[in-house]
Amino acid sequence: MYLEWNDQYSVQVKKFNAQHKDMLQIINAIHDELLGNNRRETQIQLLDKLTLNTMNHFSDEEQALHEINYSEILDHMDEHLNLLQELHDLKTDYMNNRIDISEELVGFLANWLIVHIEDMDKQYIPLMRDE
Ligand SMILES: [Fe+2]
Ligand SMILES: [Fe+2]
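A brief report on the enclosed structure follows.

Conventions adopted
Residues numbered from 1 in each chain as written. Chains lettered and ligands numbered in written order. Predicted model: local features only at pLDDT ≥ 70, side-chain atom pairs only at ≥ 80, totals over all residues. Helix = DSSP H or I, 4+ residues; strand = E, 2+ residues; numbered from the N terminus. Rg over C-alpha atoms; globule rule 2.2 N^0.38 Å. Buried ≥ 20, exposed ≤ 12 C-beta atoms within 10 Å, placed from the backbone. Contact = placed C-beta atoms within 7 Å. Core = buried A, V, L, I, M, F, W, Y, C linked by C-beta atoms within 7 Å. Axes fitted to C-alpha atoms, helices over the stretch in contact; angles between N-to-C directions. Parallel < 35°, antiparallel > 145°, perpendicular 65-115°, else oblique. Nonpolar A, V, L, I, M, F, W, Y, C, P; charged D, E, K, R; others polar. Left-handed = near helix turned anticlockwise from the far one by under 90°.

1. Quick look at the overall build of the protein
Item 1. Counting its secondary structure elements, the protein contains five helices and zero strands.
Item 2. For the protein, whose C-alpha radius of gyration is 15 Å, the value lies close to the compact-globule estimate of 14 Å for 131 residues.
Item 3. Reported as C-alpha extents along the three principal axes, the dimensions of the protein are approximately 45 × 25 × 20 Å.
Item 4. Out of the 131 residues in the protein, the part that is buried amounts to 19%.
Item 5. Within the protein, counting contacts between residues at least 6 apart in sequence, those at least 24 apart form 74% of the total.

And the structure:
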């Protein structure tokens, strides 16, 4: 376990907390694999899984923001797009042997997720909270 889920990351929406936790769990699995066998195939599978989960999560979140006529939705969607692009670039660089999976890279991914939750997702709490 690299970075444990902390209740301070909660966006107070059950479904999105669960999705965020799943994403963090995949990042932790990348870290575990790095410290273990660090098999290339497994790392690529995990990066693919993270990409898929992230796409589904962003899509669900954007749908929910749309349904409540969230005024900052365009900025939020823009940031989702940037994050997906970063993940895509990282995966492409790894697949083309331009970078290695390292502690630094896992730290980047943990930050990539947590900073977005803290800076942007938490802003919808008052409008969406269900727990
Ligand atoms: Fe978001
Ligand atoms: Fe989110």
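Text resumes after the structure shown.
2. Here's the deal with the nonpolar core
Item 1. Within the largest apolar cluster, 12 residues are counted, these being Met23, Leu24, Ile26, Ile27, Ile30, Leu46, Leu47, Leu50, Ile101, Val106, Leu109 and Leu113.
Item 2. When residues of this core are traced back to their parent elements, those giving at least two are helix 1 (14–35), helix 2 (40–67) and helix 4 (103–119).
Item 3. Broken down by element, the residue count for this core peaks at five residues, all from helix 1.
Item 4. Apart from the residues within four sequence positions on either side, Val106 is in contact with Tyr2, Ile27, Ile30, His31 and Leu34.

3. Side note on the environment of Lys91
Item 1. Mapped onto the elements, Lys91 comes out in helix 3 (residues 73–95).
Item 2. Looking at Lys91, the number of C-beta atoms within 10 Å reads 18, which means it is partly exposed.
Item 3. With residues up to four places along the chain from it excluded, the contact list for Lys91 reads Leu47 and Thr51.

4. Thoughts on the environment of Glu103
Item 1. With respect to the helices, strands and loops of the structure, Glu103 is situated in helix 4.
Item 2. The class for Glu103 is exposed, based on 11 C-beta atoms found within 10 Å.

5. Side note on the packing of helix 2 against helix 3
Item 1. Two numbers describe how helix 2 lies on helix 3: the axes approach to 11 Å, and their chain directions differ by 175°. Judged by the angle between their axes, helix 2 and helix 3 are roughly antiparallel. For the pair helix 2 and helix 3, the contacting residues are Ile44, Leu47, Leu50, Thr51, Thr54, Met55, Phe58, Glu62, Leu65 and His66 in the first and Ile73, His76, Met77, His80, Leu84, Leu87, Lys91, Tyr94 and Met95 in the second.
Item 2. Looking at side-chain class alone, the contact of helix 2 with helix 3 contains 12 nonpolar, five polar and two charged residues.

6. Some remarks on the environment of Gln8
Item 1. The topology assignment puts Gln8 in the segment before helix 1.
Item 2. C-alpha separation for the pair Gln8 and Glu131, spaced 123 residues apart in sequence, amounts to 14 Å.

7. Things to note about the packing of helix 1 against helix 2
Item 1. Where helix 1 contacts helix 2, the axes come no closer than 10 Å and their chain directions differ by 165°. On the basis of their axis angle, the class for helix 1 and helix 2 is roughly antiparallel. Crossing geometry of helix 1 relative to helix 2 is assigned as left-handed. Contact with helix 1, carried on its side by Lys15, Phe16, Gln19, Asp22, Met23, Ile26, Ile27, Ala29, Ile30 and Glu33, involves Thr42, Gln43, Leu46, Lys49, Leu50, Asn53, Thr54, His57, Asp60 and Glu61 of helix 2 and no other residues of that element.
Item 2. Each residue belonging to the contact of helix 1 with helix 2 can be placed in one class, and the counts come to eight nonpolar, six polar and six charged.

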